[in-house]
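Analysis of the macromolecular model
Below are the chains, spelled out letter by letter.
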Amino acid sequence: ELPHQFVEGSHHLRELLERRQVTVLFQPIVSLPSGTLVGYEALGRGEHPGLRGKSPGELFGIAAGMDAAAELSAVFRDKALELTRRNPRIPALFLNIHPAELDRADLLGAVVDAHQDTSGLRIILELHEAALADFEAIERLRGQLSRCNVWLAYDDFGAGQARLLELAEAPPHFLKFDMSFVRGIDSAPSTRQRLLTSLVGVARDLLVSTVAEGVETAE
């Protein structure tokens, strides 16, 4: 028997998906040291009253139990693109892909259509490090996206097992280092600083642009 809270949460999430009750926050990405704005990352949030206070992770947890994680990810992404079309000044938009979407045949078509609808906007799809285990799917997706002038980023790199083989064999356009690597790096042990320096060097040798999450202080 399923717990009552899960059943209720599933019902609310199904309504959220059907009614598109979501919004998006836009996290700025800047180039240092100049501080020049180079783009935004779209962060989806649910707006169903019955799911108030639920984090994106909790929403995806409910969705996974319903086999609807890919659908939720697509709804967040569609909302981000809808809001972006109203603001042509956004130079680049980082959009998340859920690992469950790699099996969806319609993923590429939806992204290409969105790219055509947002003339002049650079679209970068973010794939969580955990999804890199499916190397063949990643390599195939990267090639397809490149042909459509859509870029790929590996997200939260270093949060789990840093998959250096995938980085070397199918390098993304962007590598986003997890905040656990970056936060407090100025006062971190020299071993951690050297590790991050080495990984940034590897990325640059592969012509991969790097993004740091967790830059929260001037230091």
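In what follows, the accompanying structure is described. (Residues numbered from 1 in each chain as written. Predicted model: local features only at pLDDT ≥ 70, side-chain atom pairs only at ≥ 80, totals over all residues. Heavy atoms only, no water.)

With mixed pairing, the 7 strands of this open sheet are ordered in space as S1-S2-S3-S4-S5-S6-S7. Whereas interior strands pair on both sides, the edge strands pair on one side only; in this sheet they are strand S1 (22–31) and strand S7 (209–212). Neighbour-to-neighbour, the strand axes of the sheet open up by a mean angle of 30°, direction not taken into account. Across the sheet, helix H3 (residues 69–84) is in contact with S1, strand S2 (36–46), strand S3 (92–97) and strand S4 (122–128); its angle to S1 comes to roughly 70°. (Pairing = 2+ DSSP bridges. Helix = DSSP H or I, 4+ residues; strand = E, 2+ residues; numbered from the N terminus. Axes fitted to C-alpha atoms, helices over the stretch in contact; angles between N-to-C directions. Contact = heavy atoms within 4.5 Å.)

Let us look at the nonpolar core. Counting 34 residues, the largest nonpolar core has Leu95, Leu125, Tyr154, Leu175 and Phe177 as its most contacted members. When residues of this core are assigned to their parent elements, the largest contribution, 4 residues, is made by helix H8 (residues 190–205). Sequence-distant contacts of Phe177, defined by excluding residues within four places in its chain, comprise Phe157, Val182, Leu196, Leu199, Val200, Thr210, Val211, Ala212 and Glu213. Membership of the second largest hydrophobic core comes to 14 residues, among which are Leu17, Val22, Phe60 and Leu72. (Core = buried A, V, L, I, M, F, W, Y, C linked by side-chain atoms within 4.5 Å. Buried < 20%, exposed > 50% of the residue type's maximum accessible area, 1.4 Å probe, protein only.)

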